[in-house]
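# Structural overview for review
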Amino acid sequence: LAGAMTFLVPLYLQMVLKRSSLETAISLIPHQAAVAVSAVWIVSRFQAWSPRQIDFYGFLAVAVGLIGLAFVVRNEWGRPPVILMLTIIGLGQGAL
């Protein structure tokens, strides 16, 4: 799944939507920032949560984000709902 987000989404943005590399990178900043923040934050939760809980909520966030993204994406990757869904996916991926 992480491979799809880091390879296929930029490929879609560049080939289908004809975005430049810079525009593609800027479009994916919310996702990458959420991955980084979540990965750092989840380390502090290892004592309080079991690995099973972390995995469950991580996969749940990714699933919710992907389902939401399927409904809100419309060739405009700068819209707030798309940015929100990419951020939710990133939070889940960072936890995993």
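Let me sum up the structure you'll find in this document.

Quick notes on the rules
- Residues numbered from 1 in each chain as written.
- Predicted model: local features only at pLDDT ≥ 70, side-chain atom pairs only at ≥ 80, totals over all residues.
- Heavy atoms only, no water.
- Helix = DSSP H or I, 4+ residues; strand = E, 2+ residues; numbered from the N terminus.
- Buried < 20%, exposed > 50% of the residue type's maximum accessible area, 1.4 Å probe, protein only.
- Contact = heavy atoms within 4.5 Å.
- Axes fitted to C-alpha atoms, helices over the stretch in contact; angles between N-to-C directions.
- Left-handed = near helix turned anticlockwise from the far one by under 90°.
- Nonpolar A, V, L, I, M, F, W, Y, C, P; charged D, E, K, R; others polar.

### Re the side chain of histidine 31
On the secondary structure map, histidine 31 appears in helix H3 (residues 29–43). Classification of histidine 31 as buried rests on a relative accessible area of 1%. Residues contacting histidine 31, with those up to four places away along its chain left out, are Met5, Leu86, Ile89, Gly90 and Gln93.

### Here we look at the packing of H3 against helix H5 (residues 80–95)
Two measures define how a pair of helices packs: the angle their axes make with one another and the distance between the axes. Relative orientation of the contacting elements H3 and H5 amounts to 35°, with a least axis distance of 7 Å. For the crossing formed where H3 meets H5, the hand is right-handed. Here H3 contributes Pro30, His31, Ala34, Val35, Ser38, Ala39 and Ile42 to the contact with H5, which in turn contributes Ile83, Leu86, Thr87, Ile89, Gly90, Leu91, Gln93, Gly94 and Ala95. Residue classes in the contact of H3 with H5 are distributed as 10 nonpolar, six polar and no charged.

### Digging into unusual backbone geometry
We note that lysine 18 has phi near 60°; this positive angle belongs to a residue other than glycine. With respect to the element layout, lysine 18 can be found in the loop between helix H1 (2–15) and helix H2 (21–27). Look at lysine 18 and you get exposed, because its relative accessible area is 66%.

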